[in-house]
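What follows is each chain in one-letter form.
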Amino acid sequence: MLPHVQATRFVVPLKEGGSLPGVVEASDDGTYVMKFRGAGQGLKVLVAEVLVGGLARRLGIRTPDLVVMDLPESIAKYEADEEVQDLLTASLGTNLGVDFLPGAFDYNGSRPAPEDEGAAILWLDALTANIDRTWRNPNLLVWHRTTWAIDHGASLYFHHSWPSKAPSPERFAAQRFDASDHVMLEHAVALPATHERLSPLVTREAIAEILADVPDEWIEPAVGHATPAEVRAVYADMLLARLATPEAWLPEAPR
Ligand SMILES: Nc1ncnc2c1ncn2[C@@H]1O[C@H](COP(=O)(O)OP(=O)(O)O)[C@@H](O)[C@H]1O
Ligand SMILES: [Mg+2]
């Protein structure tokens, strides 16, 4: 399980992000970026953050530590900004906390990631269908001169159709990945070797361990899969099916 902390103060919303995350202080004296359960796309985004963030960590990609953060009513009640107050009120209970990296700046190429890191990030995004890593919106931070991956909430978007359509590992396995705007596209030449190096790390056991960090109450039923345990197994089925078909989704180096 992820560490569980209590939010103690809402500091400021991060309005540059699409989903209006906020900087929040917590009972462990830490500062976190809170990703709200009540934001537009709901709980599935939090599941994607934990699963893909957990995979990143296992692949050697730096990514901030995660916690489960309880948001009490007292904090929502005294927020002055109306838009933020609505979001806080819709997010009472458990949310995701992402360790805040003070002084980090958005990746802009001025401190390029080394090839192995860049290729690993591109590979993970292609595997998990994460389209949110473009030059316009890199979702990579530079902190202490190194590259940190954040914001994996848009990956695994197939799960948004699960309430109405049964999960299809075959369909996901066959789906190509458009890397034409990806910030690490220059490292695409290294992808075949990167696939050899990283795919053995993405096992059913690894996925199960990472998903054990997701609270049951964040895991919504899918058509044909009612319980959190069944749904966790479907995430593994999806990723393992795709892992076996790199010819379908592994981006090619631009000519
Ligand atoms: N852990 C963090 N440390 C420092 N800044 C962060 C962190 N997480 C996010 N940010 C900043 O907040 C912005 C929005 O966060 P992000 O997770 O990308 O949310 P969104 O889903 O709204 O895009 C990021 O682009 C980044 O500038
Ligand atoms: Mg973002």
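Bear in mind the structure is a predicted one, so any value in this text is a computation, not a measurement.

**Q** How should I be thinking about the coordination of the magnesium ion (ligand 2) in this particular structure?
**A** Within the protein, the magnesium ion (ligand 2) binds to Asn139 (OD1) and Asp151 (OD); these donor distances fall in the range 2.0 to 2.3 Å. Within this pair, whereas Asn139 is found in the loop between helix 4 (115–128) and strand 7 (140–143), its partner Asp151 is found in the loop between strand 8 (146–149) and helix 5 (169–174), the two being separated by twelve residues in sequence.

**Q** Whenever I open this one, the domain arrangement of the protein chain confuses me. Can you help?
**A** Think of interface size as the accessible area that goes away when the parts come together; that is how it is often given. Its domain assignment divides the protein chain into domain 1 (4–99) and domain 2 (110–146 + 157–249). If you look at the interface, domain 1 gives 22 residues, while domain 2 gives 26 residues. Taken together, both faces of the contact between domain 1 and domain 2 bury some 2400 Å²; the carbon and sulfur share is 73%. Among the residues of domain 1 in contact with domain 2, Lys44, Arg58 and Leu59 are the three that bury the most area, contributing 31% of the side total. Linking domain 1 to domain 2 there are four salt bridges. Between Glu117 and Arg62 there is a salt bridge, with the nearest N and O atoms lying 2.9 Å from each other. Along the contact surface separating domain 1 from domain 2 lie seven residue pairs in polar contact (both at pLDDT 80 or more). Breaking the side of domain 1 that touches domain 2 down by element, the ones donating at least two residues are helix 1 (43–58) and strand 5 (93–99).

**Q** Honestly, the pairing of strand 8 in this entry has me stumped. Any pointers?
**A** The two faces of the sheet receive side chains in turn, since in a regular strand these alternate between them. Pairing geometry for strand 7 and strand 8, over four bridges, is antiparallel. Each bridged residue has a counterpart across the sheet, and for Val142 the counterpart in strand 8 is Thr147. In this structure, the hairpin formed by strand 7 and strand 8 is closed by a connection of two residues, where His144 is found at a positive phi of approximately 50 degrees.

**Q** Teacher, can you tell me more about the packing of aromatic side chains here?
**A** Think of a pair of aromatic rings as described by two things: how far the centres are apart, and how the planes are tilted against each other in angle. What the rule picks out here adds up to seven aromatic pairs. Measuring from centroid to centroid gives 6.1 Å for Tyr107 and Trp135, while their planes differ by 35 degrees, and the two rings are tilted. On the criterion of sequence distance, the pair formed by Tyr107 in the loop between strand 6 (105–106) and helix 4 and Trp135 in the loop between helix 4 and strand 7 is long-range, its members being 28 residues apart. Geometrically, the ring pair formed by Trp162 and Tyr235 is tilted, given 4.9 Å between the ring centres and 55 degrees between the ring planes. You can see Trp162 sitting in the loop between strand 8 and helix 5 and its partner Tyr235 sitting in helix 8 (residues 228–243), a full 73 residues away along the chain. You'll find Trp162 and Tyr235 in the same group, each marked buried. Over the aromatic face of Phe172 sits the side chain of Arg242, whose NZ or CZ is 4.5 Å from the ring centroid.

**Q** I tried to follow the sheet that holds strand 3 (residues 31–35) on my own but got confused; where do I start?
**A** Neighbouring strands of a sheet are bound in pairs by backbone hydrogen bonds; such pairs are parallel or else antiparallel. With mixed pairing, the five strands of this closed barrel are ordered in space as 1-2-3-5-4. Between one strand and the next, the sheet's axes are offset by a mean angle of 55 degrees, whatever the strand orientation. Strand direction decides the pairing type here: strand 1 (residues 4–13) and strand 4 (residues 66–71), joined by three bridges, are parallel. Paired with His4 across the two strands is Val68, which belongs to strand 4. Lying over the sheet, helix 1 contacts strand 3, strand 4 and strand 5, oriented at roughly 35 degrees with respect to strand 5.

Conventions used here
Residues numbered from 1 in each chain as written. Chains lettered and ligands numbered in written order. Predicted model: local features only at pLDDT ≥ 70, side-chain atom pairs only at ≥ 80, totals over all residues. Heavy atoms only, no water. Donors = N, O, S within 2.8 Å, 3.2 Å for Na, K, Ca; no water. Helix = DSSP H or I, 4+ residues; strand = E, 2+ residues; numbered from the N terminus. Domains from an automatic or database assignment. Contact = heavy atoms within 4.5 Å. Buried area = accessible area lost by both parts, 1.4 Å probe. Salt bridge = Lys/Arg side-chain N within 4 Å of Asp/Glu carboxyl O. Polar contact = N/O pair within 3.5 Å; in protein donor to acceptor, adjacent residues only side chain to side chain. Pairing = 2+ DSSP bridges. Phe/Tyr/Trp six-rings, centres within 6.5 Å; stacked < 30°, edge-to-face > 60°. Buried < 20%, exposed > 50% of the residue type's maximum accessible area, 1.4 Å probe, protein only. Lys NZ or Arg CZ within 6 Å of the ring centre and 35° of its normal. Axes fitted to C-alpha atoms, helices over the stretch in contact; angles between N-to-C directions.

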